[in-house]
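# Notes for the structure review
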Amino acid sequence: MESLELVVAVAAAVLVAGFLARRSGLSEPLLLLGAGCSIGLTPYFADVTLSPEVVLLLFFPALLYWEALTSSVREIRHNLRTIALQSTVLVLVTALAVGAVAHVFGYPWPIALALGAVLAPTDAAAVAAVARAMPRRILTVLRTESLLNDGTALVLLAVAIEVVTEDAPFDWTATTLRFVESYAGGIAIGVVVALLLRLVRRRLDDPLLHSVLSVVTPFFAFLPAESLHVSGVLAVVTCGLVSSRYGPRVISPDARVQATAFWEVTSHLLNSALFVLVGTQLPAAVRALTSTALLQAVVVAAAVSAAVLGTRFLWFYTVPYAVRFVDRRPVQKERRIGAAQRLPLAWAGMRGAISLAAALTIPAVTADGRAVEHRDAIVFTTVVVIVVTLTVLGPSLPAVVRRAGYGDDHEQTAESALAHRYLSVAALRELPGLARRYSAAPSTVAHLERDINDRIDTSEDAARRSRSALRLETALLHVKRQALSELRDTGRIDDIVHRSVQDVLDAEDVRLRIKASRAPSGTGCASTAGPPRDDAPVT
């Protein structure tokens, strides 16, 4: 019963914090953390512990899969070197820096490196929550880094735990092989699962079944990888990236719309719930701290937080310049960014629930029954670093992005215009033949030609006509909705008919919102909801 009441409390916190964030403009992750801390302070939920298995096996695969589906494969390929360095070398450097700081405060090297591994990766949920205003290239680098660096950190943590609990000697060769096996195995499993599910999708003709398959896909990739002791993170991410490429050819539009709507709601709920659950652990981490004094633990946590933030800033203002010195190819020179544009990359170093889940996986006792030193302090430090990074970096990141002066993403705008023109020209080319095949009336053909030509015409006059037409169609749709409700309210049609016709109007509403989102600024005719995202994925 307590679990059900916790679910209700977390859901209520998500709703209240989301409402307040939209009304006040305050950082939603911070409000969610505060709500979680309030829940953790209540006596009824004082003993609630965030289960690492729940995070790693339920929340984590689903969130990774959605983030992978909505990432740009082309941008990942173009920025592969940067992403690879940040998701591997930066993780190792951060782990060593944090470990060195912890060792100075008396932590043995194995447990200090375990703390470093816990705090090395950025959190995909935390980054996604605050970094949406960045240009496509920068956002892709950050999101992909946060997807992949978990795999590096978890392998490093597993090695450190093995040394701590089993007194096994550290072996560089064995550790290197373990990293290679984990990465290669995870990628291979992700590709195999994606290709197998492609065959399954080709045989499904029910949108509901497509949605069900989309829900279980990340777990189909994650569980076999974890069972074989390779990276489940890379398996899920690879599966999502491969699925996003073949999806348009095997998934019907209605199935895609249905699954996308599900994932948008689910990912938001899971992200928000994780912030709340992390907040509930702050009071518990303070209460569980017994191996050291609270003041000393706070000092260690502050020093570790400085190491986490400082290492990331130092990386972004040294390593790229070293790479730039070595790689002087013209194509790389064109992609360089200045110091101001580099700051948001350094600033987006938020830690989140994955770090806390990793800390909780550290056993309390060794193989021979001895208590693991500083485990309670590691959990406390992890919670503090999460709160510090979300508090210091998260709310200020939008201002940092504005100060960077990225400007509009002209490349994305040009590519979008190219796609619309190309599709319209292709449609006009095939229209006469298709009209003859389907015996379309001349008036219908003329109407379609006029509509397609309006999309090709980018003149200011055409834009004004488009805005007027959108306003008119939106107003007429509102009239239709009122008339439909009147029929239902007066008993002339029943609720089943009402819902059936309403579905048609809703589809029309989606069409208008899409047109409004593509129209030049100043349309002012968005209907009842905001326009759908341009990067809506194939699920």
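Residues numbered from 1 in each chain as written. Predicted model: local features only at pLDDT ≥ 70, side-chain atom pairs only at ≥ 80, totals over all residues. Heavy atoms only, no water.

## Some details on the overall build of the chain
When helices and strands are counted, the chain shows 23 helices and 0 strands. Over its C-alpha trace the chain gives a radius of gyration of 26 Å, about what one expects of a compact globule, namely 24 Å for 539 residues. When the backbone C-alpha atoms are referred to their principal axes, the chain occupies close to 85 × 65 × 45 Å. Looking at the chain as a whole, 45% of its 539 residues qualify as buried. A sequence separation of at least 24 residues applies to 79% of the contacts in the chain between residues at least 6 apart. Element-wise, carbon and sulfur atoms account for 64% of the exposed surface of the chain, whose accessible area totals about 27000 Å². Within the chain, the 47 negative side-chain charges are centred at a point lying 9 Å from the centre of the 51 positive side-chain charges. (Helix = DSSP H or I, 4+ residues; strand = E, 2+ residues; numbered from the N terminus. Rg over C-alpha atoms; globule rule 2.2 N^0.38 Å. Buried < 20%, exposed > 50% of the residue type's maximum accessible area, 1.4 Å probe, protein only. Contact = heavy atoms within 4.5 Å. Areas by Shrake-Rupley, 256 points an atom, 1.4 Å probe, with all protein chains shown as cover. Lys, Arg positive; Asp, Glu negative; His and termini not counted. Charge placed at Lys NZ, Arg CZ, Asp CG, Glu CD.)

## Points about a nonpolar patch on the surface
A cluster of nonpolar side chains, Leu15, Val16, Phe19 and Leu20, forms an exposed patch at the surface whose accessible area comes to about 410 Å². Take Val16: it is sitting in helix 1 (residues 2-24). (Patch = residues over 30% accessible without salt bridge, like charges linked within 9 Å, V, L, I, M, F, W, Y side chains within 5 Å. Salt bridge = Lys/Arg side-chain N within 4 Å of Asp/Glu carboxyl O.)

## Looking at the pattern of salt bridges
In a structure, side chains of opposite charge can pair up when their charged atoms sit close to one another. As enumerated under the stated definition, the model contains 8 salt bridges in all. One salt-bridge network, held together by shared partners, links Arg481, Asp506 and Asp509.

## Considering the environment of Ile337
Position of Ile337 relative to the elements: it lies in the loop between helix 15 (330-334) and helix 16 (339-347). Taking C-alpha positions, Ile337 is 9.7 Å from Tyr406, a pair spaced 69 residues apart along the chain.

## Looking at the packing of helix 2 (residues 28-41) against helix 12 (residues 253-287)
In contact at an axis separation of 7 Å, helix 2 and helix 12 are set at 45° when each is read in the N-to-C sense. Between helix 2 and helix 12, the crossing angle belongs to the class labelled oblique. As for the relative orientation of helix 2 and helix 12, their crossing is right-handed in sense. Across the interface between the two elements, Glu28, Pro29, Leu32, Leu33, Gly36, Cys37, Ile39, Gly40 and Leu41 of helix 2 pack against His268, Ser272, Phe275, Val276, Val278, Gly279, Thr280, Leu282, Pro283 and Arg287 of helix 12. (Axes fitted to C-alpha atoms, helices over the stretch in contact; angles between N-to-C directions. Parallel < 35°, antiparallel > 145°, perpendicular 65-115°, else oblique. Left-handed = near helix turned anticlockwise from the far one by under 90°.)

## Some words on the environment of Arg198
The topology assignment puts Arg198 in helix 9 (residues 172-202). Residue class for Arg198 comes out partly exposed when judged on its relative accessible area of 25%. Between the C-alpha atom of Arg198 and that of Ile251, which follows or precedes it by 53 residues, the distance is 9.4 Å.

## Focus: the packing of aromatic side chains
Summed over all chains, the structure comprises 5 aromatic pairs. With a centroid separation of 5.1 Å and an interplanar angle of 85°, the aromatic rings of Tyr44 and Phe45 are classed as edge-to-face. With 6.3 Å between their ring centres and 10° between their planes, Trp66 and Trp263 make a pair best called stacked. One end of the pair, Trp66, is in helix 3 (residues 52-69); the other, Trp263, is in helix 12, with 197 residues separating them in the sequence. (Phe/Tyr/Trp six-rings, centres within 6.5 Å; stacked < 30°, edge-to-face > 60°.)

## What to know about unusual backbone geometry
Even without being glycine, His229 reaches a positive phi, approximately 60°. Take His229: it is sitting in the loop between helix 10 (207-227) and helix 11 (232-250). Assessed through its relative accessible area of 71%, His229 is described here as exposed. Of note, the phi angle at Ser439 is positive, near 50°, even though the residue is not glycine. Within the element layout of this structure, Ser439 appears in the loop between helix 20 (410-437) and helix 21 (442-456).

## Regarding the confidence of the model for the chain
Averaged over all residues, the pLDDT of the chain is 85; the fraction at 70 or higher stands at 92%. pLDDT under 50 marks residues 522-536. Its contacts with residues more than four places away, or in other chains, come to 27 contacts. (pLDDT = per-residue confidence, 0-100.)

## Description of helix 13 (residues 294-316)
Between its first and last C-alpha atoms helix 13 spans 33 Å; for 23 residues at 1.5 Å apiece the expected length is 33 Å, and the two agree. Within the sequence span of helix 13, burial applies to Ala297, Val300, Ala301, Val304, Ser305, Ala307, Val308, Leu309, Thr311, Arg312, Trp315 and Phe316. In this structure, the buried residues of helix 13 make contact with helix 5 (80-104), helix 6 (109-119), helix 8 (136-166), helix 14 (319-326), helix 16 and helix 18 (375-392). (Expected span 1.5 Å × (residues − 1).)

## Some words on the packing of helix 3 against helix 8
The interhelical angle for the contact between helix 3 and helix 8, taken along N-to-C directions, is 145°, at an axis separation of 10 Å. Here the hand of the crossing between helix 3 and helix 8 comes out left-handed. Two secondary-structure elements touch here, helix 3 through Phe60, Leu64, Glu67 and Ala68 and helix 8 through Arg143, Leu147 and Asp150. Per-class residue counts for the contact of helix 3 with helix 8 are 4 nonpolar, no polar and 3 charged. (Nonpolar A, V, L, I, M, F, W, Y, C, P; charged D, E, K, R; others polar.)

## Here's the deal with a positive patch on the surface
Taken together, the side chains of Arg77, Arg202, Arg203, Arg245 and Arg249 present a region of like positive charge at the surface. Its place among the elements puts Arg245 in helix 11.

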